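Residue-level structure breakdown
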Amino acid sequence: MKRVAIVLALAAVVVPTLSGCKRHEESPQPEGQVVKIDGLSYTVYLTRELNLRDPEDHDYFQGREAQPGFNYYGVFITVCNDVNHTHGGASTPVNNFRIIDTENKQYNPTPLPATNVFAFRPRPLSAKQCLPTPGSAPASGPIGGSLLLFKLPVSSIDNRPLDLEINPQSPAPVGDDMRIELDI
């Protein structure tokens with residue numbers, strides 16, 4: 001009887017490990033779900049390839065097309081301070097993002113000019129404030145979020161899922177609680 005109990009206990013530990021099962025909280029949040037960091041709520045509404053020949057996409061980025069073997073991807077994000085009050089002033093969203101693939105290759109955002117009204121530009125958020133500002137072009141546009149622009153090699157799409165890391169502090173990957181799995 002003792003042996004049966006030991007075998008069952010070992011099976012309970014080994015089988016989930018071998019099957020690759022993870023608990024839900026060990027995975028990055030999918031697009032559309034909120035990730036809370038330092039009291040602010042980050043939501044990626046949409047990630048998609050940008051076609052600079054398309055009139056809508058041309059408004060998001062007026063730069064040159066990506067060189068052969070690369071594509072531009074727009075990650076459209078909102079950040080909100082959901083609290084009813086702030087202690088000690090407003091909270092400022094991070095301005096440190098990167099995309100990481102399954103081979104741990106990292107990609108930083110492409111800087112956007114100051115004239116780009118869709119660009120994600122963090123500023124202090126008081127209680128119940130959001131970025132983009134309601135009524136602004138990025139908030140009122142078809143996607144409803146501010147733009148983080150990434151130039152990715154076409155080959156990186158083979159290494160999905162791609163995760164947006166929020167506020168990485170070192171080359172090491174961030175915890176899953178600071179990651180959003182992009183739907184590319």
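In case you missed it, the structure is sitting above this.
Figured I'd write up the structure that's included with this text. Note that the structure is a prediction, hence the values are computed from the model and not measured.

1. Looking at the pairing of strand E2 (residues 34-37)
In E2, alternate side chains face the same way, and those of Val35 and Ile37 are buried while those of Val34 and Lys36 on the opposite face are not. Pairing geometry for E2 and strand E3 (residues 40-49), over 4 bridges, is antiparallel. Along E3, the bridge assignment pairs lysine 36 with serine 41.

2. Observations regarding the nonpolar core
Grouped together as the largest cluster of nonpolar side chains are 25 residues, with contacts concentrated most on Tyr42, Phe97, Ile99, Leu164 and Ile166. Sorting elements by how many residues they give to this core places strand E4 (residues 70-80) first, with 4 residues. In this structure, isoleucine 166 is in contact with Val35, Ile37, Tyr42, Val94, Asn96, Phe97, Met178 and Ile180, ignoring residues within four places of it in sequence. Ranked by size, the runner-up nonpolar core spans 12 residues in total, among them Leu50, Leu52, Tyr72 and Leu149.

3. Some details on the packing of aromatic side chains
In total, this model carries 4 aromatic pairs according to the counting rule given. With a centroid separation of 5.0 Å and 65° between ring planes, the pair formed by tyrosine 60 and phenylalanine 76 is classed as edge-to-face. One end of the pair, tyrosine 60, is in helix H2 (residues 55-60); the other, phenylalanine 76, is in strand E4, with 16 residues separating them in the sequence. An angle of 90° between the planes, with centres 5.5 Å apart, marks the rings of phenylalanine 97 and phenylalanine 120 as edge-to-face. With a gap of 23 residues between them, phenylalanine 97 in strand E5 (residues 97-100) and phenylalanine 120 in the loop between strand E6 (106-107) and strand E7 (130-131) connect regions that are remote in the sequence. The structure contains a cluster of three or more aromatic residues connected by ring pairs, namely Tyr60, Phe76 and Phe118. Between the NZ or CZ atom of lysine 151 and the centre of the ring of phenylalanine 70, over which it lies, the distance is 5.6 Å.

4. Focus: the side chain of serine 156
Among the secondary structure elements, serine 156 is positioned in the loop between strand E8 (146-153) and strand E9 (162-166). The contact partners of serine 156, leaving out residues within four places of it in the chain, are Asp101, Tyr107 and Leu162.

5. Re the state of the cysteines
Inspection of the entire model under this criterion finds 1 disulfide. The disulfide that involves cysteine 80 links it to cysteine 130, with 2.0 Å between the sulfurs. Looking along the S-S bond of the cysteine 80-cysteine 130 disulfide, the torsion reads about 115°, which is the right-handed sense. One end of the pair, cysteine 80, is in strand E4; the other, cysteine 130, is in strand E7, with 50 residues separating them in the sequence. With a relative accessible area of 21%, cysteine 130 lands in the partly exposed category.

6. So, the pattern of salt bridges
Evaluated as defined, the whole model comprises 9 salt bridges. In this structure, the salt-bridge partner of arginine 48 is glutamate 56, at a minimum N-O distance of 3.4 Å. On the accessibility criterion, glutamate 56 (35% relative accessible area) is partly exposed. Taking the shortest distance from any N to any O, the salt bridge between glutamate 165 and arginine 179 comes out at 3.1 Å. Here glutamate 165, found in strand E9, pairs with arginine 179, found in strand E10 (residues 179-182); they are 14 residues apart in sequence, far enough to count as distant.

7. Here we look at the pairing of E5
On E5, burial covers both faces: Phe97 and Ile99 on one face and Arg98 and Ile100 on the other are all buried. In this sheet, E9 lies alongside E5 in antiparallel orientation, the contact comprising 4 bridges. From the neighbouring strand, arginine 98 faces E9, where its bridge partner is glutamate 165. Pairing of E5 with E6, which is carried by 2 bridges, proceeds in the antiparallel orientation. For isoleucine 100, the partnering residue across the bridge sits in E6 and is glutamine 106. Linking E5 back to E6 in an antiparallel pair, the connection comprises 5 residues, with asparagine 104 at a positive phi of about 65°.

Calculation rules
Residues numbered from 1 in each chain as written. Predicted model: local features only at pLDDT ≥ 70, side-chain atom pairs only at ≥ 80, totals over all residues. Heavy atoms only, no water. Buried < 20%, exposed > 50% of the residue type's maximum accessible area, 1.4 Å probe, protein only. Helix = DSSP H or I, 4+ residues; strand = E, 2+ residues; numbered from the N terminus. Pairing = 2+ DSSP bridges. Core = buried A, V, L, I, M, F, W, Y, C linked by side-chain atoms within 4.5 Å. Contact = heavy atoms within 4.5 Å. Phe/Tyr/Trp six-rings, centres within 6.5 Å; stacked < 30°, edge-to-face > 60°. Lys NZ or Arg CZ within 6 Å of the ring centre and 35° of its normal. Disulfide = S-S within 2.5 Å. Salt bridge = Lys/Arg side-chain N within 4 Å of Asp/Glu carboxyl O.

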